[in-house]
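# Survey of secondary and tertiary structure
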Amino acid sequence: MASLAAKIIKPLFRAIMKRDIQDPDHLVRHLRRVMNAPLIPSQIPRGVSLRNGRVADVPGQWLTTVNPVATVLFLHGGAFVGGRLDTYHHFCGTLAKALNARVFLADYRLAPEHPFPAATDDAFAVYSALIKESLPLMVAGDSAGGNLTLATLLRARDEQQLMPVCAVAISPGADATGKLMSRDANNGSDPMLSRVMIDGATRIYLQGADPFHPYASPAQGDYQGLPPLMLTVSEEECLRDDSYVVAEQARRASVPVTLLSRQDMPHVWPIFLLLLPEARQDTRKIVRFMQSHLSSRRHNELPNHSSRSDNLHASPTTQEAVA
């Protein structure tokens, strides 16, 4: 059963955000007004510092501990047209503190001014720079940023770059074709997104590009050779099936997948740490997932161990459904 906080916050999200807006200019203005407003408290945890920075000439912000032992590239959500970095300060700061890591929040280019593949190019440029550094790298993102997380992994694999330790996609918008059943099935139950909003934002982002291209629709990709993945999804959101299809694609490629699903949660609920007890519970699970694979990577890089963790790619899919 959902918490009282979740029962309160969902109708608020519905009133503030959910619209069936057909006009693309109106949709962009609405999404930016909502997503760029400081609606959600997002304080930086004690022991984590914040500074502006650039990686591969992409602007962003660093949230870091004093002596980090790992790097996290975080790609924010916002339907590819908006998104406010400080919305993620508390969540990414929590990751930084729990993992003793530095987190780079990439401020990638947005549509309609910069349509596909601008965002994917920026995400990949940052990834390519960070993967070459000495600290082990993990990648995470929510919604549109979840799409970019998966697309970045696929492109890195295609260009024969090293893989990160692991990756986390929170309610990823992984399909741009519009063919998945949950777009319609959950149109009424989703408190934040509607089919019309998703389809409109997708058209604004792609501007005529092929929706079946795996860098636009990672659900269409071949996951052979990718690192361990964690996916989180609400059973009542329009993007539910995106996570399920990605999990199945990864399973077929023998990539270990942890799929965390919950009932009665809003889209990208783990981000709302200060508002939802479920977010706090599930962020701890995300941290444990990342810690476990970071520990495995370190173990396999010790002397007398292979630098590649082949056993990680033979693990079965794990699914955790939470009521």
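Residues numbered from 1 in each chain as written. Predicted model: local features only at pLDDT ≥ 70, side-chain atom pairs only at ≥ 80, totals over all residues. Heavy atoms only, no water.

## Some words on the packing of helix α2 (residues 24–35) against helix α7 (residues 195–206)
Running from N to C, α2 and α7 cross one another at 105°; their axes reach a closest spacing of 10 Å. By the criterion of interaxial angle, the relationship of α2 to α7 is roughly perpendicular. Residues P24, L27, V28, H30 and L31 of α2 touch α7, and the partners they reach there are M197, G200, A201 and I204. In the contact of α2 with α7, the residues fall into 7 nonpolar, 2 polar and no charged. (Axes fitted to C-alpha atoms, helices over the stretch in contact; angles between N-to-C directions. Helix = DSSP H or I, 4+ residues; strand = E, 2+ residues; numbered from the N terminus. Parallel < 35°, antiparallel > 145°, perpendicular 65-115°, else oblique. Contact = heavy atoms within 4.5 Å. Nonpolar A, V, L, I, M, F, W, Y, C, P; charged D, E, K, R; others polar.)

## Here we look at the packing of aromatic side chains
Under the definition given, this model contains 6 aromatic pairs. Measuring from ring centre to ring centre gives 3.7 Å for F80 and Y205, while their planes differ by 5°; the resulting arrangement is stacked. Placement of the pair is F80 in the loop between β3 (70–75) and α3 (89–99) and Y205 in helix α7, with a sequence separation of 125 residues. The residues F80 and Y205 share a single accessibility class, namely buried. Plain terms: the ring middles of F116 and Y205 are 5.7 Å apart, the flat faces sit at 75° to each other, and that makes the pair edge-to-face. With F116 in the loop between β4 (101–106) and α4 (118–130) and Y205 in helix α7, the pair connects residues that are 89 residues apart, well separated along the chain. Just as F116 is buried, Y205 falls in that class too. (Phe/Tyr/Trp six-rings, centres within 6.5 Å; stacked < 30°, edge-to-face > 60°. Buried < 20%, exposed > 50% of the residue type's maximum accessible area, 1.4 Å probe, protein only.)

## Regarding the side chain of H267
In this fold, H267 is placed in the loop between β8 (257–262) and α9 (277–300). Using a relative accessible area of 3% as the deciding quantity, one classes H267 as buried. Reaching out from H267, the side chain makes a polar contact with the side chain of S143 at a distance of 2.8 Å. A polar contact is formed between the side chain of H267 and the side chain of E237, at a distance of 2.6 Å. Not counting the four nearest positions on each side in its chain, H267 is found in contact with S143, S171, M192, L193, E237, L239 and F272. (Polar contact = N/O pair within 3.5 Å; in protein donor to acceptor, adjacent residues only side chain to side chain.)

## Side note on the nonpolar core
L31, L73, F74, F91, M138, Y223 and M290 are the most contacted members of the largest nonpolar core, which has 107 residues in total. Top element by residues in this core is helix α5 (residues 144–158). It accounts for 7 residues. If we skip the residues at most four places from it in the chain, F74 touches Y88, F91, C92, V103, F104, L105, A106, A140, G141, D142 and I271. (Core = buried A, V, L, I, M, F, W, Y, C linked by side-chain atoms within 4.5 Å.)

## Re unusual backbone geometry
With an omega of 5°, the peptide bond running from A111 to P112 counts as cis. The topology assignment puts P112 in the loop between β4 and α4. Here F116 and P117 are connected by a cis peptide whose omega angle stands at 10°. When you line up the elements, P117 lands in the loop between β4 and α4. The backbone of S143 sits at a positive phi, close to 55°, despite the residue not being glycine. One can find S143 in the loop between β5 (137–142) and α5.

## Focus on the confidence of the model for the protein
Taken as a whole, the protein shows an average pLDDT of 92; of its residues, 92% reach a score of 70 or greater. Note that residues 304–316 has pLDDT below 50 and, in this model, 19 contacts with residues that lie over four places away or in other chains. (pLDDT = per-residue confidence, 0-100.)

## Notes on the packing of α4 against α5
Remark: α4 packs on α5, axes separated minimally by 9 Å, with the N-to-C direction vectors making an angle of 65°. Regarding α4 and α5, the two cross each other, and that crossing is right-handed. Here A119, T120, D121, A123, F124 and Y127 of α4 come into contact with α5, specifically with L148, T152, R155 and A156. Per-class residue counts for the contact of α4 with α5 are 6 nonpolar, 2 polar and 2 charged. (Left-handed = near helix turned anticlockwise from the far one by under 90°.)

## Notes on the pairing of β5
Burial within β5 is extensive, with 6 of its 6 residues counted as buried. Note that β3 and β5 share 5 bridges and pair parallel. Note that in β5 the partner of F74 across the bridge is A140. (Pairing = 2+ DSSP bridges.)

## Regarding helix α1 (residues 4–16)
With 13 residues, α1 ought to run about 18 Å at 1.5 Å a step, and its terminal C-alpha atoms sit 19 Å apart, in line with that. All of the buried residues along α1 are A6, I9, K10 and F13. For α1, the angular spread of the buried residues around the axis is 110°, confining them to a single face. More than 90 degrees from the buried face of α1, the exposed residues found are L4 and A15. (Expected span 1.5 Å × (residues − 1). Arc of directions from axis to C-beta.)

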